[in-house]
Amino acid sequence: MTRVCVDVMGSDREPSVLLEGVAAALEADSDLEVLVAGADEFVTPFAAKHDRATALVTTEIITMSEHPANAVRQKKDASIVRAAAAVRAGDADGLFSAGSTGAVLTAATFGVGRIKGVRRPALASALPGPDGRQTVFLDMGANADVKPDALVQFAHMGRAYAQVVLGVADPTVGLLCNGSEETKGSALALEYHAALAEAGCHFAGNAEGTDLLAGTFDVIVTDGFTGNVALKSTEGAAKFIVAQIKGAVSSSKRAALGALLLKPALKGMASSLSGDAYGGAVLLGLRAPVVKGHGSTSSEAVKNGTLAVASAVRGKLVDKIADACAITA
């Protein structure tokens, strides 16, 4: 059995929504056990109704508005802190949470711990592309400032994730830059390029912003500042397109009829852009798989995020990252 700890507190949604996702994950995977961390009134009744669920009762919550590092230090009985500690103690094999990004990053980094030799954990996600080809993108915001040697590790970690989760045999790596030519970029970007070119990580050159959703590379790496800006820009563009489509649909009966016919395709597109298929972003470089869901997560995303953690455990993602990063330590 694979046991995943799910933190059901601290997100923008009611714990009941997350528990619906946990229940769906248990139904979908007969070899899954879940340790559910949260307030007694939610997790105890849930565990009593599900044979493969165990309650981890906690009394504190870290909210989205709190300072992550301070809250993790001060709230020792917060659900995310206790969940990370449970993973470190071996009571669970991995962790899913849709709580505050900063709190999850802090609690997981110090609670679960880093893989030996890993300089910085990184947030990664699989972005959709044409013909089903996806691109692993990291770092999406865990590290605003990154040195070249850490970026090389991001490339190795991203390749391991693409191999285990996406099934890509020999993933290519691109560096997010303002042009495809190797002479393009800031002084730091040029340092990144040189380090990646020497690293033996199947580096294929610079990737432009248009490559994020083009499936040109299997992995695209950058620092967390640039990655987060790029990700939010992509999300903003997607929301704008959806809003424009909705406006066009309401303009006439003919448009409304056309929209009705296109609805299944549009829903599929929205789902791929939302990240619900993988439940959120994975924090790579830790001693156990950790998936961070959106604060406004859906029960479907919780289900898929929980299953993604279990899949990463069974695919030995941590071992593959440790092996890849050992040569750069």
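So, a few notes on the structure that sits alongside this text. The shown structure was predicted, so the numbers you read here are calculated from the model rather than taken from an experiment.

What counts, and at which threshold
- Residues numbered from 1 in each chain as written.
- Predicted model: local features only at pLDDT ≥ 70, side-chain atom pairs only at ≥ 80, totals over all residues.
- Heavy atoms only, no water.
- Axes fitted to C-alpha atoms, helices over the stretch in contact; angles between N-to-C directions.
- Helix = DSSP H or I, 4+ residues; strand = E, 2+ residues; numbered from the N terminus.
- Left-handed = near helix turned anticlockwise from the far one by under 90°.
- Contact = heavy atoms within 4.5 Å.
- Nonpolar A, V, L, I, M, F, W, Y, C, P; charged D, E, K, R; others polar.
- Parallel < 35°, antiparallel > 145°, perpendicular 65-115°, else oblique.
- Pairing = 2+ DSSP bridges.

## What to know about the packing of helix H6 (residues 148–166) against helix H11 (residues 317–326)
The N-to-C vectors of H6 and H11 enclose an angle of 145°; their axes lie 9 Å apart at closest approach. Crossing geometry of H6 relative to H11 is assigned as right-handed. When H6 is examined against H11, the residues Gln153, His156, Met157, Ala160, Tyr161 and Val164 are found in contact with a partner set consisting of Leu317, Lys320, Ile321, Ala324 and Cys325. Within the contact of H6 with H11, the residues separate by chemical class into eight nonpolar, two polar and one charged.

## Structural notes on the packing of helix H4 (residues 79–88) against helix H5 (residues 101–111)
At a minimum axis distance of 9 Å, the contact between H4 and H5 shows a crossing angle of 30°. Of the possible angle classes, the one that applies to H4 and H5 is roughly parallel. Here H4 runs over H5; the crossing is right-handed. Only Ala103, Val104, Ala107, Ala108, Phe110 and Gly111 of H5 make contact with H4, whose side of the interface consists of Ile80, Val81, Ala84 and Arg88. For the contact of H4 with H5, a count of residues per class yields eight nonpolar, one polar and one charged.

## A word on the sheet that holds strand E11 (residues 290–292)
With mixed pairing, 11 strands are arranged side by side in an open sheet as E3-E2-E1-E4-E11-E10-E5-E6-E9-E7-E8. A single partner strand is all that each edge strand has here, and the edge strands are strand E3 (53–57) and strand E8 (203–207). Averaged over neighbouring strand pairs, the angle between their axes works out to 25° when direction is ignored. Pairing analysis gives four bridges linking strand E1 (residues 2–7) to strand E4 (residues 94–97), with the strands arranged parallel.

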